Amino acid sequence: MDSIIVKGGAELRGQIPIAGAKNACLTLMPATLLSDEPLTLTNAPRLSDIRTMTQLLSSLGAEVAQLQGGQVLAMSSHDLTNHTADYDIVRKMRASILVLGPMLARDGHAIVSLPGGCAIGARPVDLHLKALEAMGAELELRDGYVHARAPHDGRGRALRGAVVDFPLVSVGATENALMAATLAHGTTELRNAAREPEIVDLARCLRAMGAQIEGEGTSTITIQGVERLHGATHPVVTDRIELGTYMLAPAICGGEVECLGGRIDLVGAFCEKLDAAGVSVEETDVGLRVSRRNGRVDAVDVTTEPFPGFPTDLQAQMMALLCTANGVSVLEEKIFENRFMHAPELMRMGAKIDVHGGHATVTGVERLKGARVMATDLRASVSLILAGLAAEGETVVSRVYHLDRGYEKVEEKLGAVGAQIERVQGE
Ligand code: EPZ
């Protein structure tokens, strides 16, 4: 397993290109299952999660060609030869559940392994299943798999339009229901739907394929089902989580960095917190330029919420910054039940953090100290890299396979702006 070594202290200067969004691409790729015509995605990120989704779609009989080094995904699912998403693939990546809605909507049947939990929480999929049942799906849970069939409507098997009222905001359940509804007979209304930019991007892609959708980006999305969808070419939206992560780099160790492709509307609540902490963000014609106003940022309180609130996927990275802030910050994690695993690792670097349930109280210190630390999940791993940029001495982050799931060549992107960082091949 590879490790990444960071020598702290260098100020950063230069430009960092921001890739297409992992969490948009992971829902855009299953959309190919909705049509027998080709769907091509451009600006796709080159990540291990994308390779896992490629593997899953291929196992169903779809063709996925990775062109231009993986930045273009040319997909076609003319004839699905298999309707079972196997546990061995699904357990590696929870987003695999997003093939359920499209397969069910297009062919009337699907068998998908339950994803199981992950490090940050139980991650149930009950809301995905309830939404599809509301559309008439007959579901049976057997041997760890969901066996799903659409009802017979005399002309074959098809889902029917329905009102789906989500009791809590779920990105994945909104995505599964949105995709399924595009081919259902009649009108579907998704209430308390997720508003994330990745949902808006999915709706734009589906509309390019001929879907009739209104309201994406608001809490109510209305879909008028159509007979079939045609092919399209769609650019993946910029990754707001990679963007926020790299915006924190000059904030934590000084300097000035321009994040290419960054847009304020993708990170509004996050930028408000950066401003309160003393970090300036300036829109340029190619992205967002970030620097800190004083030598040390100020403490701020953070509560994670569904979009447009502060994103849970930036909580670990923000905690790394606040470990070096002047004052005491309280972070409240309201989305997942166990998303402070980066805290004990940051404490090995001298951070002062008290975790009680969903709250972490961080007392900022002048300087963190480099140490050997271990990545536990995707966003925790990059928060340790950020802490290493500011720490005195050398930080060695092990198990960086977590990192490679969501960040393209992090050592190259940070190295290009002056960070002293290298990847060491593991045994
Ligand atoms: C998506 O996960 C993202 N993953 C996550 O990013 C992100 O943290 C999360 O949305 C929240 O923004 C992808 O898009 C691939 P949810 P998802 O359904 O869809 C509960 C990363 O680091 N819930 O919005 O799984 C759930 O347990 C990853 O890139 C149910 O109870 O998140 C959680 O507490 C991590 N039942 C809350 O809702 C369900 O059926 C929000 O989960 C579904 C979810």
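Structure report, in brief. In this text, all values refer to a predicted model and were calculated from it rather than measured experimentally.

## Some remarks on the overall build of the protein chain
No. 1: Broken down by element type, the protein chain carries 14 helices and 24 strands.
No. 2: Over its C-alpha trace the protein chain gives a radius of gyration of 22 Å, about what one expects of a compact globule, namely 22 Å for 427 residues.
No. 3: Looking at the protein chain residue by residue over its 427 residues, the buried ones come to 58%.
No. 4: The contacts in the protein chain between residues at least 6 apart in sequence include a share of 73% that link residues at least 24 apart.
No. 5: As displayed, the protein chain offers around 16,000 Å² of accessible surface, 48% of which is attributable to carbon and sulfur atoms.
No. 6: Between the averaged position of the 41 positive side-chain charges in the protein chain and that of its 54 negative side-chain charges there is a distance of 2 Å.

## Quick word on helix α5 (residues 126-134)
No. 1: Buried within α5 are the following residues: L127, H128, L129, A131 and L132.
No. 2: Those residues of α5 that are buried lie in contact with α4 (100-107), β8 (138-142), β9 (145-149), β10 (163-165) and α6 (171-181).
No. 3: One or two positions beyond α5, positive phi appears at G136, with a value near 100°.

## Side note on the sheet that holds strand β5 (residues 72-76)
No. 1: Read across the sheet, 4 strands follow the order β4-β5-β3-β14 without closing on themselves; strand pairing throughout is mixed. Each of the sheet's edge strands pairs with one partner strand only, and the pair in question is β4 (63-67) and β14 (232-235). Neighbouring strand axes in the sheet, compared pairwise and without regard to direction, differ in orientation by 15° on average.
No. 2: In terms of strand pairing, strand β3 (residues 39-42) meets β5 through 3 bridges, oriented antiparallel.

## Some words on the packing of helix α10 (residues 315-322) against helix α12 (residues 378-390)
No. 1: With their axes 8 Å apart at the nearest point, α10 and α12 run at an angle of 20° to one another. In terms of their interaxial angle, α10 and α12 are classed as roughly parallel. Relative to α12, the crossing made by α10 is right-handed. Here α10 contributes A316, Q317 and A320 to the contact with α12, which in turn contributes R379, A380, V382, S383, L386 and A387.
No. 2: Classifying every residue of the contact of α10 with α12 gives 6 nonpolar, 2 polar and 1 charged.

## Quick notes on empty space enclosed by the protein
No. 1: Taken as a whole and assessed by the stated rule, the structure comprises 2 cavities of 30 Å³ or more.
No. 2: Looking at the largest cavity, its volume works out to about 40 Å³.
No. 3: Forming the boundary of the largest cavity are A21, K22, N23, E198, D239, R240, I241 and R379.
No. 4: When residues of the lining of the largest cavity are traced back to their parent elements, those giving at least two are α1 (22-28) and α8 (240-253).
No. 5: Classifying every residue of the lining of the largest cavity by side-chain character gives 2 nonpolar, 1 polar and 5 charged.
No. 6: As for the second largest cavity, its lining consists of A19, G20, P45, L47, D239, E242, G406 and E408.
No. 7: Of the residues belonging to the lining of the second largest cavity, the class tally is 3 nonpolar, 2 polar and 3 charged.

## Some thoughts on the state of the cysteines
No. 1: Counted by the stated rule, this structure contains 0 disulfides.
No. 2: For the unlinked cysteine C253, the closest cysteine sulfur is that of C259, found at 12 Å.
No. 3: Classification of C253 by relative accessible area gives buried; the value is 7%.

## Examining helix α9 (residues 268-277)
No. 1: Of the residues making up α9, those classed as buried are A269, F270, C271, L274 and A277.
No. 2: On the buried face of α9, the contacting elements are α8, β16 (279-283) and α10.
No. 3: One or two positions beyond α9, positive phi appears at G278, with a value near 100°.

## Brief notes about unusual backbone geometry
Residues other than glycine predominantly adopt negative phi, and peptide bonds predominantly adopt the trans conformation.
No. 1: F307 connects to P308 through a cis peptide bond whose omega is 10°.
No. 2: The residue P308 is located in the loop between β18 (302-303) and α10 in this model.
No. 3: Positive phi values are uncommon outside glycine, yet Q68 reaches one of about 45°.

## Quick word on the packing of α8 against α10
No. 1: Packing of α8 against α10 leaves a shortest axis separation of 10 Å and a crossing angle of 5°. The pairing of α8 with α10 is recorded here as roughly parallel in orientation. The residues of α10 that touch α8, namely those facing I241, T245, L248, A251 and I252, are Q317, M318, A320 and L321.

## Overview of the packing of aromatic side chains
No. 1: Under the defined criterion, the tally for this structure stands at 2 aromatic pairs.
No. 2: The interplanar angle of 85° and the centroid separation of 6.4 Å between the aromatic rings of Y246 and Y407 together place this pair among those described as edge-to-face. Taken as a pair, Y246 in helix α8 and Y407 in the loop between α13 (401-404) and α14 (410-415) lie far apart in primary sequence, 161 residues in all.
No. 3: Note on Y246: relative accessible area 1%, which makes it buried.
No. 4: For Y407, a relative accessible area of 2% translates into the label buried.

Quick notes on the rules
Residues numbered from 1 in each chain as written. Predicted model: local features only at pLDDT ≥ 70, side-chain atom pairs only at ≥ 80, totals over all residues. Heavy atoms only, no water. Helix = DSSP H or I, 4+ residues; strand = E, 2+ residues; numbered from the N terminus. Rg over C-alpha atoms; globule rule 2.2 N^0.38 Å. Buried < 20%, exposed > 50% of the residue type's maximum accessible area, 1.4 Å probe, protein only. Contact = heavy atoms within 4.5 Å. Areas by Shrake-Rupley, 256 points an atom, 1.4 Å probe, with all protein chains shown as cover. Lys, Arg positive; Asp, Glu negative; His and termini not counted. Charge placed at Lys NZ, Arg CZ, Asp CG, Glu CD. Pairing = 2+ DSSP bridges. Axes fitted to C-alpha atoms, helices over the stretch in contact; angles between N-to-C directions. Parallel < 35°, antiparallel > 145°, perpendicular 65-115°, else oblique. Left-handed = near helix turned anticlockwise from the far one by under 90°. Nonpolar A, V, L, I, M, F, W, Y, C, P; charged D, E, K, R; others polar. 1 Å grid on protein atoms, 1.4 Å probe; cavity = no way out; pocket = protein on both sides within 12 Å on 5 of 7 lines; lining within 4 Å. Points joined across faces, edges and corners; volume = space filled by probe spheres on them. Disulfide = S-S within 2.5 Å. Phe/Tyr/Trp six-rings, centres within 6.5 Å; stacked < 30°, edge-to-face > 60°.

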